[in-house]
Amino acid sequence: MPPTVLMDSLNGIRRRVKVLSVMFGVGLVLAATVGAILGIVFIDYLLRLPAVPRFTIMLAGLVGVGWCVYRYVVKPLRSKLSISDVAGRLEHAFPSFDDRLRSTIDFSRAEMPGSEVMKDRVITEATRLAAEIDLNRAVVFKPVAYSMAAAAAALALMVALAFINPSLTK
């Protein structure tokens, strides 16, 4: 695996992490939004609120959903995840790299002082280790699956409630 292939692999992992973080946020926001809607409807149904408190509660729910969208979708979407950050996480997940991955990135980016032979050796060892290890194992899909399942369950609950009591949708 040449260093360019290693860099392409790290870029691919970076893109995958970014997509998964946005998907996690979307699932979380959908579940929170449905929960907020159901909570607001339940509070309004129990307390039979007049117009001003009802508006206040809806506005608070809207602000909460807006904050969730910003925090869990917009912020990860706009975040700058560098290849060096990805390499650091991979080194943490796979201790056998022993700082070789970040050093490889540093060596391939700019002219670093030091022995060219030593740089080549570090790059060779890092690419050899990367070829032996499936780097995608460090990217965990389980939290994304849970947040998407929570969103699907919340939406299913909302649809089921609409079918059970059609007067809720009026």
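Residues numbered from 1 in each chain as written. Predicted model: local features only at pLDDT ≥ 70, side-chain atom pairs only at ≥ 80, totals over all residues. Heavy atoms only, no water.

Let's talk about the overall build of the protein chain
- A tally of helices and strands in the protein chain yields six helices and zero strands.
- Along the protein chain, from the amino end to the carboxyl end, the secondary structure elements read α-α-α-α-α-α.
- For 170 residues, the compact-globule estimate of 2.2 N^0.38 gives 15 Å, and the C-alpha radius of gyration of the protein chain, at 24 Å, exceeds that figure by more than 25%.
- Counting only C-alpha atoms, the protein chain reaches 75 × 30 × 20 Å along its principal axes.
- The 170 residues of the protein chain split such that 26% are buried.
- Considering only residue pairs separated by 6 or more positions, the protein chain has 74% of its internal contacts joining residues 24 or more positions apart. (Helix = DSSP H or I, 4+ residues; strand = E, 2+ residues; numbered from the N terminus. Rg over C-alpha atoms; globule rule 2.2 N^0.38 Å. Buried < 20%, exposed > 50% of the residue type's maximum accessible area, 1.4 Å probe, protein only. Contact = heavy atoms within 4.5 Å.)

Some thoughts on the nonpolar core
- Core analysis: the biggest nonpolar cluster contains 19 residues, and Leu 10, Leu 90, Phe 97, Leu 101 and Leu 135 have the highest contact counts within it.
- Only α1 (3-47), α3 (83-93), α4 (100-109) and α5 (116-132) provide two or more residues apiece to this core.
- When residues in this core are grouped by element, the largest group, five residues, is from α1.
- Leu 101 has contacts with Leu 6, Leu 10, Ala 87, Leu 90, Glu 91 and Ala 126, leaving out every residue within four places of it along the chain. (Core = buried A, V, L, I, M, F, W, Y, C linked by side-chain atoms within 4.5 Å.)

Purely geometric numbers; function is a separate question.
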